[in-house]
Amino acid sequence: MQQPAMSDSNNHTFSKTIDDNLLQKGMSAYDALKKIQKDLEEDGLKSHDLGSYTTIQMLPETEVLIHQSMGVNMVNQNEYPKTTEIHNNMIKTIAHFLHAPDRDDVFGSSTAGSSESIFLAILAAKWAWKKKRIHGKPNIVFCSNAHLCWYKFSKYLDIEIREIALEAPNTYPMDRVIENIDQNSISIVAVLGCTQLGTSDPIGALNKRLEAVNQKNNWDVGIHVDAAIGGFVAPFLEASVFGSWDFECPLVRSINLSGHKFGLVYPGLGWILFRHKRYFHRELRVKSNYLCGISESFTINFSRSSSLVIAQYFNFLHYGFEGYQKAIKQCIENARLLSKLLTNHDVFEMLSDGKIPVVVFRFKDTIRVDISAFTARLREKKWMLPYYKLSGQMDITVMRIVVRHDMKPPFLIQLVNDLFECYEALTTKHKS
Ligand SMILES: *Cc1c(COP(=O)(O)O)cnc(C)c1O
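Residues numbered from 1 in each chain as written. Predicted model: local features only at pLDDT ≥ 70, side-chain atom pairs only at ≥ 80, totals over all residues. Heavy atoms only, no water.

Q: Would you mind showing me how to read the site of the ligand here?
A: Among the 14 residues in the neighbourhood of the ligand, the closest are listed as S114, S115, D226, H260 and K261. Note that an oxygen atom of the ligand is positioned 2.8 Å from one of the backbone N or O atoms of S114. S115 is positioned such that a nitrogen or oxygen atom in its side chain is 2.6 Å from an oxygen atom of the ligand. For the ligand, whose unbound accessible area comes to 380 Å², protein coverage reaches 88%. (Near = heavy atom within 4 Å. Polar contact = N/O pair within 3.5 Å; in protein donor to acceptor, adjacent residues only side chain to side chain. Areas by Shrake-Rupley, 256 points an atom, 1.4 Å probe, with all protein chains shown as cover.)

Q: Looking at this model, I keep getting lost on the packing of helix α3 (residues 60-69) against helix α10 (residues 307-343). Mind explaining?
A: The description of two helices packed together rests on the angle between their axes and the distance between the axes. It is at 8 Å that the axes of α3 and α10 come closest, and there the two elements cross at 150 degrees. Of the possible angle classes, the one that applies to α3 and α10 is roughly antiparallel. For the element pair α3 and α10, the recorded crossing hand is right-handed. When α3 is examined against α10, the residues E61, T62, L65, I66 and S69 are found in contact with a partner set consisting of S307, I310, A311 and F314. Broken down by class, the residue content of the contact of α3 with α10 amounts to five nonpolar, three polar and one charged. (Axes fitted to C-alpha atoms, helices over the stretch in contact; angles between N-to-C directions. Helix = DSSP H or I, 4+ residues; strand = E, 2+ residues; numbered from the N terminus. Parallel < 35°, antiparallel > 145°, perpendicular 65-115°, else oblique. Left-handed = near helix turned anticlockwise from the far one by under 90°. Contact = heavy atoms within 4.5 Å. Nonpolar A, V, L, I, M, F, W, Y, C, P; charged D, E, K, R; others polar.)

Q: It is not clear to me how the sheet that holds strand β3 (residues 160-164) should be interpreted in this structure. Could you clarify?
A: Either a parallel or an antiparallel arrangement is found when strands of a sheet pair, and the pairing is made through backbone hydrogen bonds. Pairing within the open sheet is mixed, and its seven strands lie in the order β1-β7-β6-β5-β4-β2-β3. Looking at strand neighbours, the two that pair on one side only are β1 (107-111) and β3, the edges of this open sheet. Taking the axes of each pair of neighbouring strands and ignoring which way they run, one obtains an average angle of 15 degrees across the sheet. Across the sheet, helix α4 (residues 81-97) touches β1, β6 (252-258) and β7 (270-274), and the angle it forms with β7 is around 70 degrees. (Pairing = 2+ DSSP bridges.)

Q: Please explain the nonpolar core as it appears in this structure.
A: With 76 residues, the main nonpolar core has W245 and W271 as its most contacted residues. Sort the elements by how many residues they give to this core and α10 lands first, with nine residues. Counting residues in each nonpolar core, the second largest holds 29 residues, with L338, L385, M399 and C422 among its members. (Core = buried A, V, L, I, M, F, W, Y, C linked by side-chain atoms within 4.5 Å. Buried < 20%, exposed > 50% of the residue type's maximum accessible area, 1.4 Å probe, protein only.)

Q: What exactly am I supposed to notice about unusual backbone geometry here?
A: Among all residues except glycine, the phi angle is most often negative; among peptide bonds, the trans geometry is most common. A positive phi is found at H99, a non-glycine position, where the angle reads about 60 degrees. Structurally, H99 is set in the loop between α4 and β1. Located in the positive-phi region is N170, a residue other than glycine, with phi close to 65 degrees. For N170, the location among the structural elements is in the loop between β3 and α7 (174-179).

Note that every value here comes from positions in space, so none of it alone points to a role or purpose.
Right, dumping it as structure tokens:
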């Protein structure tokens with residue numbers, strides 16, 4: 001059979017390096033499936049990805065729903081009115097458990113993750129500042145425990161970053177945060193469950209201080225809460241665990257959550273909510289007429305599958321409040337078990353506070369172990385354990401295990417056994 005005309009160089013290379021080029025002829029679907037499955041065996045095991053916050057397992061029923069809705073584009077609001085209605089009702093559901101004063105006046109959306117949510121939050125806060133027409137350059141205030149995306153997007157949006165470096169874990173430099181704001185501060189960012197340690201900022205107390213400062217100076221500075229991790233944890237625990245942190249605090253104007261972390265949905269889903277519609281200026285909403293009818297868009301991505309929103313809807317319906325509560329409490333209990341097992345011997349010291357199901361620890365000061373050799377040994381047993389130096393002025397290197405919903409006690413016991421085995425192997429080798 002005659003080949004269609006194509007460049008010599010393509011013809012020449014395709015047979016040799018099929019991984020780097022689009023195949024001329026393709027292969028059977030079965031062969032492609034088998035090849036890809038074989039290729040992917042080289043990846044780490046997701047169950048052993050200890051540092052990851054994202055969900056790796058959902059109930060079998062969600063596979064059906066995800067498959068069914070995979071090809072539905074969220075942005076086609078008039079073609080898929082029921083999907084749009086479900087989505088909008090989910091915003092109201094989340095607004096309700098985040099104590100929004102008027103859930104019909106909340107403005108929000110699903111996103112691809114908290115990063116997209118945070119971009120939108122900074123954009124909205126900058127716009128609100130711009131409309132006030134204050135002289136000067138906008139700034140944003142956060143502590144060094146903020147996620148990298150705050151640095152990234154503040155830079156993209158040309159906002160001065162006023163970072164307050166943390167000097168010790170579990171201390172919030174309230175005075176320094178307050179000293180750093182002025183009339184051009186578009187927002188203070190507070191974290192509910194920080195990525196590195198799982199600890200949270202004292203948001204209720206910050207709200208009180210800021211109310212007084214705003215009043216004294218006639219300023220209008222608000223708070224954004226980064227609840228990527230804690231947003232689907234705190235609402236299901238006793239109110240005293242985190243204190244007031246959500247829209248109950250009058251100055252909290254926007255909140256982001258990651259559906260794919262403790263919202264128990266696969267990677268690719270976040271949420272952003274604004275306390276009142278007016279906090280997301282109408283000039284930022286764009287109307288499109290490419291599709292049937294007019295639809296409004298304001299997220300960064302235009303096209304996105306509805307499947308993960310539907311998967312979260314399934315979780316809402318199936319688990320309900322009590323189911324989420326049970327799942328989250330189970331994770332916290334398992335995290336407690338893991339901390340206990342790790343501190344049974346005189347080797348590790350805990351740094352996490354136990355409120356979020358994450359266990360952050362380090363070798364005791366008296367113990368000198370090469371962490372990179374330690375984690376490399378664990379990797380031989382398939383465990384992927386991240387280690388990193390804490391940000392700010394803390395010269396502390398820690399390791400992190402996120403106790404996800406899929407991690408049950410027998411699994412954790414096996415993990416701890418392997419951790420100590422690797423530790424023993426390293427230290428006895430050193431001694432000899
Ligand atoms: C994970 C995380 C983010 C980024 O969220 P994605 O959902 O991964 O985009 C932002 N802030 C915090 C505190 C996080 O832990």
